[in-house]
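Here is how the chains run, residue by residue.
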Amino acid sequence: MAKTRWGIVGRGVATCLWVSFACGWFALGAEGVPPAARREALLRASGPGSEAVLAAGLNDENLVVRRTAARLLTQLGATAEASLAKAFGNDDALVRRTVLRALCGLRPERAVGWAERGMADADPAVRRVALDWLIAQESRAGRVLALLVKARGDGDAAVRAAASAALFPFQRENISLRDRKDYDHDVRVVQAIPLPVAGWQFRTDPVDEGHLKGWFRIDVGGTGWSGVEVGKTWEAQGREYDGVAWYRVSLDLPAKPAKVTAVDLAFDGVDEAAWVWLNGEYVGSHDLGKAGWNKAFRLDVTQELRWGGKNVLAVRVFDSASAGGIWKPVRVEVLE
Ligand SMILES: [Ca+2]
């Protein structure tokens with residue numbers, strides 16, 4: 001590129017000239033023109049009719065120029081869809097990230113397809129853009145849900161964690177009254193009601209979808225459930241399995257005792273982590289990783305428990321290795 005021509009144009013002329021000029025040098029190669037000037041030319045050329053220039057800028061040897069071209073291309077919106085789609089094949093992950101974000105927002109009917117391509121990208125930052133779009137969708141049926149589920153097994157820890165958190169929206173800090181530091185009265189267990197050992201329903205959940213399918217709800221039908229006992233591991237009952245599994249039990253409780261300050265659900269041991277729902281409501285969890293397998297825990301269920309009627313308890317258990325399950329007794333404990 002001749003310096004004289006650069007100098008003339010550099011003094012500032014109409015955008016159309018910038019476009020033709022920029023077109024010329026991107027076609028000829030950027031030799032002799034410094035990156036800052038190339039970037040400036042793109043900025044001046046941007047706007048209607050600049051798609052070809054910006055598309056050419058995506059191949060600039062300088063990453064700042066490339067990324068500027070990508071950003072300006074996204075500002076052209078749907079008219080630049082073809083160039084944006086092509087730009088998603090760019091070697092620069094940041095360019096792919098920028099155009100993917102735009103493509104997902106361009107046409108609703110094609111967005112999930114772009115998210116799917118984004119989740120297949122080699123760069124985790126690109127996958128994160130696709131994941132953010134998936135997470136933001138109000139309806140998580142079909143392909144959106146399938147992609148989110150798949151993302152939980154992503155090669156990148158941050159992507160995995162974000163997908164898991166999006167698919168497991170149950171959060172509750174649950175502290176038994178007797179463990180609360182702000183409660184300065186004496187608290188004691190005045191009654192313990194053991195939960196039955198037998199009569200529980202059990203179902204493995206190898207793809208970790210039970211909570212998405214509402215297996216914690218009061219009325220859960222369907223096949224796939226079988227009888228199990230608590231107080232011993234599932235291996236001890238002929239089930240060689242590691243992973244997520246669900247327990248459900250229905251229990252009738254007597255009328256409300258005269259004096260009740262609070263009620264706990266006390267587990268003596270779940271190998272190794274547990275998430276608990278009572279009467280369809282999420283109550284809390286016990287998740288210390290592998291170390292939690294033999295640690296007793298208790299969850300306050302004062303609000304969720306129904307005295308004088310039927311209760312449905314659902315426990316999602318995760319066991320990473322060897323023996324697993326609700327291997328010790330469970331009780332309702334009345335506190336006063
Ligand atoms: Ca275990």
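Residues numbered from 1 in each chain as written. Predicted model: local features only at pLDDT ≥ 70, side-chain atom pairs only at ≥ 80, totals over all residues. Heavy atoms only, no water.

## A closer look at the environment of Arg-71
Among the structural elements, Arg-71 can be located in helix α5 (residues 63-75). Since its relative accessible area comes to 34%, Arg-71 is described here as partly exposed. The spatial distance from the C-alpha of Arg-71 to the C-alpha of Val-95 is 8.0 Å, given a sequence separation of 24 residues. Aside from chain neighbours lying at most four places away, what touches Arg-71 is Arg-39, Leu-43 and Thr-98. (Helix = DSSP H or I, 4+ residues; strand = E, 2+ residues; numbered from the N terminus. Buried < 20%, exposed > 50% of the residue type's maximum accessible area, 1.4 Å probe, protein only. Contact = heavy atoms within 4.5 Å.)

## Things to note about the coordination of the calcium ion
Distances from the calcium ion to its protein donors, namely Asp-271 (OD), Asp-271 (OD), Asp-319 (OD), Ala-321 (O) and Ala-323 (O), fall within the range 2.1 to 3.2 Å. Going along the chain, you hit the donors of the calcium ion in the pattern D-x47-D-x1-A-x1-A. Linking Asp-271 in strand β6 (residues 270-271) with Asp-319 in strand β10 (residues 310-319), this pair joins segments that are 48 residues apart in sequence. Given a relative accessible area of 0%, Asp-319 falls into the buried group. (Donors = N, O, S within 2.8 Å, 3.2 Å for Na, K, Ca; no water.)

## Some words on the pattern of salt bridges
Note that side chains of opposite charge can pair when their charged atoms are close. Here the structure, examined in full by the defined rule, presents 23 salt bridges. The partner of Asp-182 in a salt bridge is Arg-180, and the shortest N-O contact between them spans 3.1 Å. Residue class for Asp-182 comes out exposed when judged on its relative accessible area of 59%. Using a relative accessible area of 36% as the deciding quantity, one classes Arg-180 as partly exposed. The salt bridge involving Arg-331 is made with Glu-333; its shortest N-O contact spans 3.0 Å. Exposure class is identical for Arg-331 and Glu-333. Each is buried. (Salt bridge = Lys/Arg side-chain N within 4 Å of Asp/Glu carboxyl O.)

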